[in-house]
Amino acid sequence: MNSLSSVSKTALMAGLILVLGLALAVVDGPLSPGGIAGLAIALAGLCQIFWMRKVNRQVAKARHALSQAADGNLSVRVLNINGSGSLSAMLRSLNRLLDQTEAFAKEANDAMKAGAEGRFFRHIIVKGLRGEFAQYALRVNQALDVMGGNDAKLAELNKRILESSVNISVTVNEGAMANARITSGIRHARDEAQGMAAATEELVASVQEISLRSDEAAQLSSEARTMTDDGQQSMNAAMSEFEAIERTVNDAAGRVEALSRASQAIVEILTSIEEIAAQTNLLALNATIEAARAGEAGKGFAVVANEVKGLANQTARATEDIGRRISNLRTEMEGIGASMHLGTEAIAKGRHAMEEMGDRMSGIGQLVRETTTRMADVSAILTQQTAASKEISDGIQHVASQAADNVKAIDLSSGALDSVEKQVSHLLELMSADNSPERTLLMAKVDHVMWRRKLIDMLAGRGDLVAEGAADETTCRLGRWMHGPAAQLYTDKAAFRDMQEPHRVVHQAGLAAIRAHKENRILEAEQLFAQMDQASVQVLACLDRLVAGAA
Amino acid sequence: MVERPLTGVERNFRDDELIVSKTDLQGRITYCNDVFMRVAGYQENELLGAPHSIVRHPGMPRCVFKLLWDTLEAGKEIFAYVLNRAKSGDHYWVFAHVTPDMNASGQVTGYHSNRRTVERHVIPLVQGLYAQLLAEEAKHSDRKAGMAAATNMLLETLSAKGVSYEQFILGL
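Residues numbered from 1 in each chain as written. Chains lettered and ligands numbered in written order. Predicted model: local features only at pLDDT ≥ 70, side-chain atom pairs only at ≥ 80, totals over all residues.

Peer 1: Would you mind going over the overall build of chain A with me for this structure?
Peer 2: Helix and strand content of chain A: nine helices and zero strands. Mapped from its N terminus to its C terminus, chain A presents α and β elements in the order α-α-α-α-α-α-α-α-α. Per-residue burial over chain A gives 22% buried out of 551 residues. Nonlocal contacts in chain A, meaning residues at least 24 apart in sequence, comprise 76% of its contacts between residues at least 6 apart. (Helix = DSSP H or I, 4+ residues; strand = E, 2+ residues; numbered from the N terminus. Buried ≥ 20, exposed ≤ 12 C-beta atoms within 10 Å, placed from the backbone. Contact = placed C-beta atoms within 7 Å.)

Written out as structure tokens, the structure is:
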């Protein structure tokens, strides 16, 4: 009996009543009072059996639904519930229970699923849930809120880390760019310093040469001064000699004149001697004549007169000879006088010339002295200049070597920045795995700073770039985003529109700069880079505006 | 069955009640709870086997149902504010949550919908949006083209707000 359900037991009881009723009817006869009672009992039993069968069907449905539900199939329901009896009510309650249970289970399931996907705003909809279902739903929603809060915090933290990483990347790249520019500047400075050092060395050599020559000139000038001084002294000595000669000549002229005067006196004396001789001759003649008259007596006297006459003649001849000689002598003396006069004049002229020359020599001497002094000054200055030039040259060489050291130091620093940058890039790649617009924008910032950086490195000679295959404004990360569906939310923003043209310039000018650099058109490459740089600043500003708008 | 004309009368149910129904994959009703029957004014035997569109109201844009079925076919849950018509021609607003029913092996066997009451302040917002979508649908003689245009309009409206459909609906 234990294995029979209560419904089966009831049906069994109804069957027994039916059998009992029928038995009574058979025993008492169908029309006897007992028989009628027996039939009534049997009918009642029959009705009960029909009712029991209906109940049994309902119960079976309930049992099926409950058994399914017990197995975790919450979709099951009891259909076609008729009537308003307590069994129907029970079945409706069963459906309501399943409705509540399934609603709760589905809500909880979907809310959790949404939570797992980060959509924590998708709560369990508590409305419509009752009693403990509603309570549990509220509890789950609280948990979702906490998780959502944590997730938001995590997302915020993540975002900050991403932003910091982007900033680090941007800063590192800016640093690297600054380094590249400094390196480039220092390289130029070093090259120029080296050029200057060479030029200064040449200058020093030239100055030394000039100094040497100047010393020689000073030496020569000094010698010239000595010689000029000597010359002047000789001149002065010559002047003295000239003066002595003049005096002597003048003295001689005076003596010649005195001699001439003495000769004149002799001529006068000779004239009187000639007159005496002529008278003596005349007297002798007279005496002869007288002697002749005196005859013999006179003969001795005549001889003496003759002798006297001869003497007078001899005297006249001698006087004449002396006169002639004196005359000759005077002519000679006049010649000497004239010569002496000429000599004196010549001497005077010579002396005058000597005096002029002396004056000039003195002037020259003065000039030579001044020149010598100046040459000495120049020489001293040049010596100082040589020292100064040497110092400059040393200084410049020091600068050049220091610049080389600086380049090395900056290269080291650039290397360090490169490695930091690589690590940050790696971090950024990891963090930017999800493609939310904000992250795309932040990464686009990094991309564009990197692009600038590569160009600067190229221009500074630290790297090489090829234009072919490099991203343009449509294929870079930002370009793909801008032309993709994800940008739809931003297309009507001013910053988005403002970004288009500078972004195009960033790529086109950049690519042109690479080509110019390849073809060694360095100045053009620099200009294109400057253009790119300016546009890049605008793009970064627009990105910042978009990120600020997206946050 | 001849539809009765709309009465303009709104029907209500309690905040702690759920209108529950289930359909097979073709959208034919396989279960409706007592709240459904009471509010819609149908007997269980009238509903079982009937298409769920039996309660469709002409004030509902078709594109909303298209979105609903597209989402369900993708195996995802969907929320929607739905205006339904009762048998009598009355109407009632529900906040519907529709999910696929799956068997133990993860196969979709049908769809399940829980409907809740709608906050009063939401109704004018939804009505405004639905009126625009209906107007867009009405512009096109081709029903499909109209529906596509209205769907686009809905997506663009959401895109302008910068929210997903789900965020928008749950945020009302």
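Peer 1: Sorry, what's going on with helix α8 (residues 494–518) of chain A here?
Peer 2: Taking 1.5 Å of rise per residue, the 25 residues of α8(A) would be expected to cover 36 Å, and the 37 Å separating its terminal C-alpha atoms lies within 8% of that figure. Positive phi shows up at Asn520(A), right after α8(A), with a value of about 65°. (Expected span 1.5 Å × (residues − 1).)

Peer 1: Where do I start with the environment of Asp101(B) in this structure?
Peer 2: Take Asp101(B): it is sitting in strand β4 (residues 91–102). Spatially, the C-alpha atom of Asp101(B) lies 6.1 Å from that of His112(B), the residues being 11 residues apart in sequence. Those residues in contact with Asp101(B), other than ones at most four positions away along the chain, are Ser75(A), Lys22(B), Val108(B), Thr109(B), Gly110(B), Tyr111(B) and His112(B).

Peer 1: What exactly am I supposed to notice about the pairing of β4(B) here?
Peer 2: Taken residue by residue, a regular strand's side chains alternate between the two faces of the sheet. Residue and element names in this part refer to chain B. When you tally the buried positions in β4, you get nine out of 12 residues, the bulk of the element. Where strand β3 (residues 78–85) and β4 come together, eight bridges link them in antiparallel fashion. By the bridge assignment for β4, Asn 84 is matched with Tyr 92. Joining the antiparallel neighbours β3 and β4 is a turn of five residues, in which Gly 89 adopts a positive phi near 95°. Pairing analysis gives eight bridges linking β4 to strand β5 (residues 108–116), with the strands arranged antiparallel. Residue Phe 95 lies in a different strand from β5, and its bridge partner there is Arg 116. Where β4 hands over to β5, the hairpin turn is made up of five residues, of which Gly 106 adopts a positive phi near 85°. (Pairing = 2+ DSSP bridges.)

Peer 1: Help me understand the environment of Arg453(A) in this model?
Peer 2: All names here are of chain A. For Arg 453, the position within the fold is in helix α6 (residues 437–459). For Arg 453, a count of 24 C-beta atoms within 10 Å corresponds to the buried category. Spatially, the C-alpha atom of Arg 453 lies 8.7 Å from that of Ala 180, the residues being 273 residues apart in sequence. Those residues within four positions of Arg 453 in sequence are excluded, and the remaining contacts are Asn 173, Ala 176 and Met 177.

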